[in-house]
Amino acid sequence: MADDLELRFERTVQADARIEPRDWMPDGYRKTLIRQIAQHAHSEIIGMQPEGNWISRAPSLRRKAILLAKVQDEAGHGLYLYSATETLGADREDLTLKLIEGRQKYSSIFNYPTLTFADVGVIGWLVDGAAICNQVPLCRTSYGPYARAMIRICKEESFHQRQGYELLMTMMRGTQQQRDMVQDSVNRWWWPALMMFGPPDSESTNTEQSMAWRIKRDTNDELRQKFVNMSVPQAEALGVTFPDPELRWNEERGQYDFGQPDWDEFWQVVKGGGVCNAQRIAHRRKAHEDGAWVREAAAAHAQKQAQKQAV
Ligand code: ACO
């Protein structure tokens with residue numbers, strides 16, 4: 001019986017069909033999905049902070065409205081993704097506690113500070129651009145609820161990337177000071193954006209199994225290369241450069257060669273030692289504690305409704 005279930009699971013995955021919540025799945029598959037989707041959800045939620053920092057200081061009503069909409073979208077993405085983990089038996093409260101107690105990770109990128117308004121544009125262009133590059137293939141991930149959540153998320157991420165690029169185009173048409181701000185921001189975000197794809201394949205502990213289960217559809221290095229290839233012409237059109245002396249077109253490979261990010265810095269940030277890690281978690285913890293009354297009120301309301309229905 002167990003062999004039959006396992007065989008059916010393997011066949012479904014190999015046929016590129018979807019595993020659904022009620023289907024049998026190996027414990028490792030369930031655990032890996034909960035880990036990846038929870039980290040993804042936490043990233044969306046923590047990711048509201050660096051840009052949220054600029055909502056009250058956006059330079060015009062139009063920019064403020066765009067930024068507000070974008071940050072609200074990130075909250076929505078976090079909620080779809082937490083819902084996807086619930087279909088696997090995870091508990092949202094438990095995941096939130098794991099995040100604020102440092103027992104679960106979130107993307108390294110959100111531990112860097114947003115120093116100028118140009119950072120809002122560069123985050124849209126490069127950070128959301130990297131997110132799209134990583135997430136479009138996840139629309140074909142083997143777990144149904146995750147794949148479906150990703151379709152909607154990718155559509156919204158695409159708007160996020162465009163608003164960032166458009167903001168930067170506007171700044172590049174402005175004064176020399178504005179152009180310098182954009183270049184400075186690109187210099188600060190380029191390497192952290194490359195780190196978003198995770199460690200090199202040779203050091204990635206999860207890739208091999210996640211690829212076999214078709215949770216991941218491409219490796220970290222494959223996606224990083226795709227992102228570099230995609231970003232170089234966009235930088236040229238914008239009139240900025242990337243801070244990488246090794247970046248050049250390789251005719252033979254038909255791809256760009258590029259340098260490696262500082263992987264020691266990456267691991268330091270992942271382990272909690274980045275510039276903003278403590279601030280991000282403290283902020284998330286406070287928001288969770290401040291929201292306790294809302295959760296209590298919602299639970300009391302649900303209980304009352306259930307009692308009414310039982311009568
Ligand atoms: N930041 C923080 N931790 C990371 C990062 C990163 N950029 N990249 C990898 N890690 C962690 C992994 O979670 C893993 O830790 P764990 O085993 O303790 O969970 C460890 O480093 C080793 O990495 P991998 O074995 O390569 O991990 P994995 O196979 O999960 O690949 C990746 C990492 C590519 C991020 C994958 O999980 C993924 O595609 N996730 C979905 C997308 C996502 O989470 N995006 C978040 C940012 S986008 C946004 O929010 C706008």
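Residues numbered from 1 in each chain as written. Predicted model: local features only at pLDDT ≥ 70, side-chain atom pairs only at ≥ 80, totals over all residues. Heavy atoms only, no water.

The environment of the ligand is made up of 31 residues, and the closest members are Gln-39, Lys-105, Ser-204, Lys-216 and Asn-220. Between the ligand and Ser-108, the relevant distance is 2.8 Å, taken from a nitrogen atom to a main-chain nitrogen or oxygen of the residue. Here a nitrogen atom of the ligand and a backbone polar atom of Met-196 are 3.5 Å apart. Of all the secondary structure elements, the ones that give two or more residues to the shell around the ligand are helix H2 (27–46), helix H6 (118–135), helix H7 (144–172) and helix H11 (263–273). If you tally residues by element for the shell around the ligand, the top one is H2, at six residues. Considering only residue class, the shell around the ligand consists of 12 nonpolar, 14 polar and five charged. (Near = heavy atom within 4 Å. Polar contact = N/O pair within 3.5 Å; in protein donor to acceptor, adjacent residues only side chain to side chain. Helix = DSSP H or I, 4+ residues; strand = E, 2+ residues; numbered from the N terminus. Nonpolar A, V, L, I, M, F, W, Y, C, P; charged D, E, K, R; others polar.)

It is worth spelling out the pattern of salt bridges at this point. The full count for this structure, using the stated rule, is 18 salt bridges. We note a salt bridge from Lys-98 to Asp-94, for which the minimum N-O separation is 3.0 Å. Note that Lys-98 and Asp-94 are positioned in helix H5 (residues 92–100) at a spacing of four residues, about one turn of the helix. A residue is classified by how much of its surface remains accessible, and Lys-98, at 23% relative accessible area, is partly exposed. Linking Arg-224 and Asp-221 is a salt bridge whose minimum nitrogen-to-oxygen distance equals 2.8 Å. Here Asp-221 and Arg-224 lie together in helix H10 (residues 220–238), a separation of three residues that amounts to about one turn. A relative accessible area of 29% places Asp-221 in the partly exposed class. One network of salt bridges, in which partners are shared, links Glu-51, Lys-70, Glu-74 and Asp-128. (Salt bridge = Lys/Arg side-chain N within 4 Å of Asp/Glu carboxyl O. Buried < 20%, exposed > 50% of the residue type's maximum accessible area, 1.4 Å probe, protein only.)

Right, let's talk about the packing of H7 against helix H8 (residues 176–195) for a bit. The angle between the axes and the distance between the axes are what describe a pair of packed helices. Following both chains from N to C, one finds H7 and H8 inclined at 140°, their axes separated by 8 Å at the closest point. On the basis of their axis angle, the class for H7 and H8 is oblique. Here Leu-168, Met-171 and Met-172 of H7 come into contact with H8, specifically with Gln-178, Arg-179, Met-181 and Val-182. Its residues assigned to classes, the contact of H7 with H8 shows five nonpolar, one polar and one charged. (Axes fitted to C-alpha atoms, helices over the stretch in contact; angles between N-to-C directions. Parallel < 35°, antiparallel > 145°, perpendicular 65-115°, else oblique. Contact = heavy atoms within 4.5 Å.)

Time to look at helix H12 (residues 277–290). Spanning 14 residues, H12 covers 20 Å between terminal C-alpha atoms, matching the ideal 20 Å at 1.5 Å per step. For H12, the complete set of buried residues consists of Asn-277, Arg-280, Ile-281, Arg-284 and His-288. All buried residues of H12 lie within an arc of 90° about the axis, which places them on one face of the element. In this structure, H12 carries Ala-278, Gln-279 and Lys-286 as exposed residues pointing more than 90 degrees from its buried face. (Expected span 1.5 Å × (residues − 1). Arc of directions from axis to C-beta.)

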